[in-house]
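Chain and residue survey
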Amino acid sequence: MKYTIFFDTSTCIQFLLDEGDLSSKISEVFNSVVSSENKIHLIIPTYETIFPLLNSKNGDFNNFERLNQLLANSKISNTPLITPTWTNIEHQLLDATAHLYKNPIIITQDEDLLSNSKHADNCINFLKKIYHYQSISFLDLKPLHQELRLPLRQAFERVLNSGWYILGNEVKLFEQEFACYCRTEHCIGVGNGLDALQLILRGLDIGTGDEVIVPSNTYIATWLAVSYTGATPVPVEPKLSSYNINPALVEKAITPKTKAIIAVHLYGQVADMDPINAVANKHDLKVIEDAAQAHGAKYKGRPVGSLADAAGFSFYPGKNLGAIGDAGAVTTNNAELAEKIRMVANYGSKIKYQHEVKGLNSRLDELQASFLREKLKKLKQWNAHRKQIAEYYNKAFIDVSDLITPKVESWTDSVWHAYVIRHPQRDRLAKFLADSGIATMIHYPIPPHLQLAYQDLNYLEGSFPIAEQIHKEVLSLPMGPHMTINQIETIISKVQEYESFPLLDRKH
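Structural notes, computed from the coordinates.

Reading the values: rules and limits
- Residues numbered from 1 in each chain as written.
- Predicted model: local features only at pLDDT ≥ 70, side-chain atom pairs only at ≥ 80, totals over all residues.
- Heavy atoms only, no water.
- Helix = DSSP H or I, 4+ residues; strand = E, 2+ residues; numbered from the N terminus.
- Rg over C-alpha atoms; globule rule 2.2 N^0.38 Å.
- Buried < 20%, exposed > 50% of the residue type's maximum accessible area, 1.4 Å probe, protein only.
- Areas by Shrake-Rupley, 256 points an atom, 1.4 Å probe, with all protein chains shown as cover.
- Lys, Arg positive; Asp, Glu negative; His and termini not counted.
- Charge placed at Lys NZ, Arg CZ, Asp CG, Glu CD.
- Arc of directions from axis to C-beta.
- Core = buried A, V, L, I, M, F, W, Y, C linked by side-chain atoms within 4.5 Å.
- Contact = heavy atoms within 4.5 Å.
- Pairing = 2+ DSSP bridges.
- Axes fitted to C-alpha atoms, helices over the stretch in contact; angles between N-to-C directions.
- Right-handed = clockwise from strand over helix to strand, strands pointing away.
- Parallel < 35°, antiparallel > 145°, perpendicular 65-115°, else oblique.
- Left-handed = near helix turned anticlockwise from the far one by under 90°.
- Nonpolar A, V, L, I, M, F, W, Y, C, P; charged D, E, K, R; others polar.
- Phe/Tyr/Trp six-rings, centres within 6.5 Å; stacked < 30°, edge-to-face > 60°.
- Polar contact = N/O pair within 3.5 Å; in protein donor to acceptor, adjacent residues only side chain to side chain.

Quick look at the overall build of the chain now. Summing up its helical and strand segments, the chain has 21 helices and 19 strands in all. Taken over C-alpha atoms, the radius of gyration comes to 26 Å for the chain, in line with the 23 Å a tight globule of 508 residues would show. Over its C-alpha atoms, taken along the principal directions, the chain stretches across nearly 90 × 65 × 35 Å. The buried share of the chain, taken over its 508 residues, is 54%. For the chain, the exposed area adds up to about 23,000 Å²; of that, 52% sits on carbon and sulfur atoms. The positive charge centre, built from 50 side chains, and the negative charge centre, built from 56, are 2 Å apart in the chain.

Structure follows, in structure tokens:
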């Protein structure tokens, strides 16, 4: 159901102050309204009305980001002419205005307004009401971009006004900032995450006739990057507990043709890098991080992107650090490798119109770089919220017998790109949740070795049983930096409801 939402003056002020439990609840209402495309109608039409009250409550008000966020998602309502009959005229005007709209709800904590207006409701009741009607998407990016609406617009204007749209100042600054974030010497912005991995392999002179060790349990892009160079991906099974490549099995897969190992930090949890690097050093192999899902994750206190010879990142919109389109990057401490990757990604050219190799056109877009710079400022906060959601899930599901929650190794600080459970009745649980309005995803339904694209490698079902078991049982629950407690509680209650059914009922 679509509502017309009104914030009274005190609710607006609490939202702008952004302090305490009430402000948190009001922010949750705001995010719910924005994500469901309802419009908030404000009855405080001027700055002159807001600022004196704000300053009296919190000294000199300076949270203009919140103010712009509120105004950008709101519109002013005209008040009708009324005959005053209420003690509080402002409340009567608000109630009369609400009458002019379809399905109006006035969000307020004022007892007088709650008593006198049939349209008034408090935050908690409203959230219960809206989540009863709203479905829960797997990942809603709209609140994220609404939060950054003003800085993203300013970033767009910077690029538009610069007159320089390819490999300009925004790309240069983002590369510096992201290299600093990953604690590496170099960052090279590229077109996407797949290109990042392919460019690293090409930069390391890996090609036809070579072999690269890859996880059997990963997204197909890891394998495709190897194939695009002409090399052959050699799968190694994961640890069932972490879903990441099992370091104890890597050495057995090494042959005279092996040139590198790609370790994927799947779902935001870091692969066990020390033993992988030790094996690589013993056999003079290169190690590459596929960090597409792990922006900000750490291994024994060190950030991903700095744990191997080079790392490939994806900034696909749904990633922890996502662009508003496709984008990617490579990080490394190897200056020679960085220079070569930069050249290959730019048509094989260091000097314009002089081409040393047959290169690619894979450059980070100037506009996407400007957006990523703004989002990078929020990444730590967003990752912390993901971690809170994961802890909430873990605690709630600890006694659910058929459900296996993710295990996080003690030496990794996961950023929870995805919250992935395993369940023997995965498909039935997914359908039950879908019928309850809760979207889920499967990461991933078919392992790479069983994809038609790799039938030339002649792997059969049963070739990699651990990966196959994972792909048959995994289910990703909603996870994102703007999920609310009400949404999480709804998801948890529905999973618990499914588990409470007798076994025979769950099978139908």
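And the narrative resumes.
Moving on, we come to helix α4 (residues 64-72). Given 3.6 residues per turn, any residue in an α-helix points the same way as the ones three and four places further on. Every buried residue belonging to α4 is among R66, L67, Q69 and L70, and all of these are buried. The arc that holds every buried residue of α4, seen down its axis, measures 160°, which confines them to one face.

Quick look at the nonpolar core now. Grouped together as the largest cluster of nonpolar side chains are 42 residues, with contacts concentrated most on F174, F178, M273 and F315. Among the secondary structure elements, those contributing two or more residues to this core are α10 (169-182), β8 (232-236), β9 (258-264), α14 (273-283), β13 (310-314) and α16 (366-376). Ranked by residue count, the leading element in this core is α10, at five residues. Setting aside anything within four residues of it in sequence, one finds F174 in contact with F315, L321, L364, A369, L372, R373 and L376. Membership of the second largest hydrophobic core comes to 37 residues, among which are L204, I220, A338 and V420.

Bringing the sheet that holds strand β12 (residues 302-303) into the picture now. Taken in spatial order, the three strands line up as β12-β11-β17 in an open sheet, and their pairing is antiparallel. Both edges of this open sheet fall to β12 and β17 (412-413), since each of them pairs with a single strand only. Two elements, strand β11 (residues 298-299) and β17, share two bridges in a ladder whose sense is antiparallel. Bridge pairing in β17 links Y299 to T412.

Attention now goes to unusual backbone geometry. Negative phi characterises most residues that are not glycine, and trans characterises most peptide bonds. The peptide bond linking H443 to Y444 adopts the cis configuration, its omega dihedral lying at 15°. Within the secondary structure layout, Y444 lies in the loop between α18 (426-435) and α19 (465-473). One non-glycine residue, N103, lies in the positive phi region at around 50°. Structurally, the position occupied by N103 is in the loop between α5 (89-98) and β4 (104-107).

Attention shifts here to the sheet that holds strand β10 (residues 286-290). The pairing of strands in a sheet happens through backbone hydrogen bonds and is either parallel or antiparallel. Spatial ordering of the open sheet is given by β6-β14-β13-β10-β9-β7-β8, a layout of seven strands whose pairing is mixed. A strand with exactly one partner marks an edge of an open sheet, and here the two such strands are β6 (186-190) and β8. Averaged over all pairs of adjacent strands, the angle between strand axes in this sheet comes to 25°, irrespective of strand direction. Strand direction decides the pairing type here: strand β7 (residues 211-215) and β9, joined by three bridges, are parallel. Of the residues in β9, the one forming a bridge with E211 is T258. Along the sheet, α10 contacts β6, β13 and β14 (328-332); its crossing angle with β6, the most-contacted strand, is approximately 125°.

By the burial criterion, the buried members of α19 are A467, E468, I470, H471 and E473. The inward-facing, buried residues of α19 abut β18 (419-422), α18 and β19 (474-477).

Okay, the pairing of β4 next. What you see with β4 is no split at all: P104 and I106 on one side and I105 and I107 on the other are buried throughout. Here strand β1 (residues 4-7) pairs with β4 via four bridges, running parallel. By the bridge assignment for β4, F7 is matched with I107. Of the pairings in the sheet, the one linking β4 to strand β5 (residues 120-121) comprises two bridges and is parallel in character. Bridged to I106 within β5 is A120. Considered for its hand, the β-α-β crossover made up of β4, helix α6 (residues 111-116) and β5 is right-handed.

So, on to the packing of helix α17 (residues 379-396) against helix α20 (residues 485-500). Taken N-terminus to C-terminus, the directions of α17 and α20 make an angle of 25°; their axes are 11 Å apart at the nearest point. As summarised for this structure, α17 and α20 are arranged roughly parallel, according to the angle between their axes. When the axes of α17 and α20 are compared, the crossing they make is right-handed. Only I485, I488, E489, I491, I492 and Q496 of α20 make contact with α17, whose side of the interface consists of I389, Y392, Y393 and A396. Among the residues making up the contact of α17 with α20, the classes are represented as eight nonpolar, one polar and one charged.

Here the structure, examined in full by the defined rule, presents 17 aromatic pairs. With a centroid separation of 6.1 Å and 15° between ring planes, the pair formed by F178 and Y181 is classed as stacked. Of this pair, F178 and Y181 both sit in helix α10, three residues apart, which is roughly one turn of the helix. Residue F178 is classed as buried on the basis of its relative accessible area of 0%. Centre to centre, the rings of Y393 and F397 are 5.8 Å apart; their planes meet at 10°, and the pair counts as stacked.

This next bit is on the environment of T332. Its place among the elements puts T332 in strand β14. Residue classification places T332 among the buried residues on the basis of a relative accessible area of 1%. Counting along the chain gives 26 residues from T332 to S306, while the straight-line C-alpha distance between them is 6.7 Å. Beyond its immediate stretch of four places on either side in the chain, T332 contacts T184, E185, H186, D309, A310, L337 and A338. Polar side-chain contacts of T332 include one of 2.7 Å to the backbone oxygen of D309. Looking at T332, its side chain comes within polar contact range of the main-chain nitrogen of N334, at 3.0 Å.

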